[in-house]
Amino acid sequence: ENEDLVQLCPPEWKGTMPADMTFWLFEGDIDRLTDSMEFATRLVPAIESTGIKTVLNGPTCWPADGNHLVGPSHEKPNYWHACAESYGIAHAPGLSRYLVHWMLNGEPPYELSESDPARFGAWATPTWVGEKVKEAYGWNNFIAYPNENRPRARPVVHKERPQEDMVAVLRSRGAQLGFAHGWETPAWFHSKAEDLGNSLASFQRPAYTNAVREECQKVVDHGGLCYWPFAHYHIRGAGASAFLDRLIANKVPAVGRVGLGHLLTPSGKVYSELTFVRLAPDEFYVTGYNNYQLHDLRWMREHMREGEQVEIEDATSSRAVVFINGPNAQSAVEKLLDEPVDLARTAFKPFQWRKLLLGGIETIAVRMSFIGEHGLELHVGRDQVADLYQKLHEADPQLGDWGGNAMNSFRIEKGVRLFGKDITKDHDAWEAGLDRFIKLDKGTFIGRDALLKIKENGGPQRKTMQLEIEVGDAEVDAVGNESIRCPETGEVVGFTTSGTWGAMAGKSLALGYVYGPQRWADGCRLQVDLLGKRYDAFVRDKPAIDFAAIRDKKASVERAMPLWSSSDTTSQQQLRS
């Protein structure tokens, strides 16, 4: 049905069908079916002369994005959802099993975040839901593309999603915006300030690939900015450190330091990933992924012990982040400093943070980079992020803009796994390659016993791998969930989790899980299914593009080479190796 013809339930129903109408139908409405019937007769001409015997017209539940609500509430402790079943009884056995497993084991049996009630917050008002339901139902029988961009009821206007000023700045710079948990996110930047909507949705390599390459090139050659909305929390109290130490597999960072930590389930699966800035002995500023805001908050509150001296404040609506990366990122930030601070990488080292005043804007600067290029994360008040973004561009007009597609290209080229795509509740921490973030010797934490058992039993039977896919002239790349096969037998031996055209590498790249240690060696030939065809793919144990710090070291070595005697070949070969 056309989305503009979808009828919502009467207001007096308050979003729920009255119990006495359980087996009740509306009168048939042929007029609403006219467009669909005309299309149907083109597909099946016999319909035109067959006639209509019966019209079934009844109410149905339909959530804002078409997926049901199944799992624990993030609002009421020990309250569970199993509703918004757009396809009714068909899902009942599987979802019942899913819910019971979670209730009994303290974790879901598999990843189903697309149906988690926590994906909607207070910003998802009845008016917004009504508009999105029309779109979800109206688009239900359309072809769904991996990069589609549904435009209805956007941007969200709500006190929990204060973003109008930043959206205006991004649009003025040509940003094509995506959507995540009520936030508008920059996907890529067009050369003009116009909204292309869903016009470039495709199963093949997107038409904007060259624009993404230019964004990446600008960052590597000079520098660029990326605004991104995250989830933010303040965790304080005398018991804060012990509380977090019990929840994450890594060690809690020292004061002045930044750490990456993973929330694990009792079976050792990865529940979430968070970044911890330790502001004081009893105070942490924590950042997570925007679409897991309430999902993570629920987990932390569920695992707080009675009487524990811990306060958790959800600061998502009041904080924002600007990434600034590239060789000139530091100098751009220095131009805005209200007082001198040594930002050199030798003084301000990786996984450290500093408080800065940038053009009057209080900032927590973090020395870390998700994309593997030199730079800083600048955390500021939500009401000042648009101002900071513009001031940085004014300080250095040559800075470019980059968005989520450039981020994806950078991180896959460097083999960086993304939580929610490459790492989920379907994967345990060992197979997800999180070894360096797991500190078994630190003491008890959730999931520790399970990880020890996996290790004692010989380790994981599958592991996350980097793949280089030989697509030739075909403009097609992996996006995730494609089969990985043994070339000799055609047997499925794994699956991709994400993929892209590497803008800087000029290669089709993917990340995925491969079963069997015999297939984990560098150069192992496999095949990946892409749009009905199998392409050769090769396991790579090194990233397609080096991290910026490694490139710097290699360049330093190359510069030193001419100073040596040409006869000293042995020393040169040893250093290169």
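All of these numbers come straight from a predicted model, not from anything done at the bench. (Residues numbered from 1 in each chain as written. Predicted model: local features only at pLDDT ≥ 70, side-chain atom pairs only at ≥ 80, totals over all residues. Heavy atoms only, no water.)

S.K.: So what about the overall build of the protein? Which residues, and what values?
M.R.: Along its length, the protein carries 14 helices and 21 strands. For 577 residues, the compact-globule formula gives about 25 Å, and the C-alpha radius of gyration of the protein, at 26 Å, lands near that figure. The principal-axis extents of the C-alpha atoms in the protein amount to approximately 95 × 60 × 55 Å. By residue count, 50% of the 577 residues in the protein fall in the buried class. Restricting the contact set of the protein to residue pairs at least 6 apart, pairs at least 24 apart contribute 65%. Total accessible area computed for the protein in this model is approximately 28200 Å², and 52% of it derives from carbon and sulfur atoms. (Helix = DSSP H or I, 4+ residues; strand = E, 2+ residues; numbered from the N terminus. Rg over C-alpha atoms; globule rule 2.2 N^0.38 Å. Buried < 20%, exposed > 50% of the residue type's maximum accessible area, 1.4 Å probe, protein only. Contact = heavy atoms within 4.5 Å. Areas by Shrake-Rupley, 256 points an atom, 1.4 Å probe, with all protein chains shown as cover.)

S.K.: Explain the packing of helix α5 (residues 164-172) against helix α10 (residues 385-395) to me, and be specific about the residues and the numbers.
M.R.: The geometry of α5 relative to α10 is characterised by a closest axis approach of 8 Å and an angle of 30° between their N-to-C directions. The orientation of α5 with respect to α10, classified from their angle, is roughly parallel. Contact with α5, carried on its side by Asp165, Met166, Val169 and Leu170, involves Val385, Ala386, Tyr389 and Gln390 of α10 and no other residues of that element. Taken together, the residues of the contact of α5 with α10 break down into 6 nonpolar, 1 polar and 1 charged. (Axes fitted to C-alpha atoms, helices over the stretch in contact; angles between N-to-C directions. Parallel < 35°, antiparallel > 145°, perpendicular 65-115°, else oblique. Nonpolar A, V, L, I, M, F, W, Y, C, P; charged D, E, K, R; others polar.)

S.K.: Provide a residue-level description of the packing of aromatic side chains, including the pertinent values.
M.R.: For the structure on display, the rule yields 19 aromatic pairs. Note on tyrosine 98 and tryptophan 102: the rings are 5.9 Å apart at their centroids and 85° apart in plane angle, and the pair reads as edge-to-face. Here tyrosine 98 and its partner tryptophan 102 are both found in helix α3 (residues 92-105), 4 residues apart, which amounts to about one turn of the helix. Each member of the pair, tyrosine 98 as well as tryptophan 102, carries the same accessibility label: buried. Ring centres 4.8 Å apart and planes at 50° place the aromatic pair tyrosine 145 and phenylalanine 203 in the tilted group. Of the two residues, tyrosine 145 sits in the loop between α4 (126-138) and α5 while phenylalanine 203 sits in the loop between β4 (183-189) and α6 (209-221), which places them 58 residues apart along the sequence. (Phe/Tyr/Trp six-rings, centres within 6.5 Å; stacked < 30°, edge-to-face > 60°.)

S.K.: I'd like to hear about unusual backbone geometry, residue by residue, with values.
M.R.: That bond from arginine 154 to proline 155 is cis: its omega, -5°, falls within 30 degrees of zero. Take proline 155: it is sitting in the loop between α4 and α5. Although it is not a glycine, alanine 153 sits at a positive phi angle of roughly 60°. With respect to the helices, strands and loops of the structure, alanine 153 is situated in the loop between α4 and α5. By relative accessible area, which is 25% here, alanine 153 ends up partly exposed.

S.K.: Got a sec to walk through the state of the cysteines? Specific residues and values, please.
M.R.: Counted by the stated rule, this structure contains 0 disulfides. Looking at cysteine 61, it has no disulfide partner, and the nearest cysteine sulfur is the one in cysteine 83, 7.9 Å off. Judged by its relative accessible area of 45%, cysteine 61 is partly exposed. Unpaired in this structure, cysteine 524 has its nearest cysteine sulfur neighbour in cysteine 486, at a distance of 8.3 Å. (Disulfide = S-S within 2.5 Å.)

S.K.: I'd love a proper account of the pairing of strand β3 (residues 175-180), names of residues and values included.
M.R.: For β3, the tally of buried residues reaches 5 of 6 residues, placing the bulk of the element in the interior. When β3 meets β4, the two strands line up antiparallel, connected through 6 bridges. Each bridged residue has a counterpart across the sheet, and for alanine 180 the counterpart in β4 is tryptophan 183. Once β3 ends, the chain turns through 2 residues before running back antiparallel as β4, passing histidine 181 with a positive phi of about 50°. (Pairing = 2+ DSSP bridges.)

S.K.: With reference to specific residues and values, describe the sheet that holds strand β16 (residues 462-469).
M.R.: Here we have 6 strands rolled up into a closed barrel, ordered β16-β19-β18-β17-β20-β21, and antiparallel in their pairing. When strand polarity is set aside, the average angle formed by the axes of neighbouring strands in this sheet is 40°. Direction of pairing for β16 relative to strand β19 (residues 507-515): antiparallel, over a ladder of 8 bridges. Bridge pairing in β19 links glutamate 468 to leucine 509. Strands in contact with helix α11 (residues 404-413) are β18 (492-502) and β19; relative to β18, the strand with the most contacts, it is inclined by about 125°.

S.K.: I'd love a proper account of the pattern of salt bridges, names of residues and values included.
M.R.: Going through the model one piece at a time under the given rule, you end up with 30 salt bridges. Salt-bridge contacts for aspartate 387 lead to lysine 391; the nearest nitrogen and oxygen are separated by 3.6 Å. With aspartate 387 and lysine 391 both in helix α10 and 4 residues apart, the pair spans about one turn of that helix. Take aspartate 387: its relative accessible area is 34%, and that puts it in the partly exposed class. On the basis of relative accessible area, lysine 391 is assigned to the partly exposed category, the value being 21%. (Salt bridge = Lys/Arg side-chain N within 4 Å of Asp/Glu carboxyl O.)

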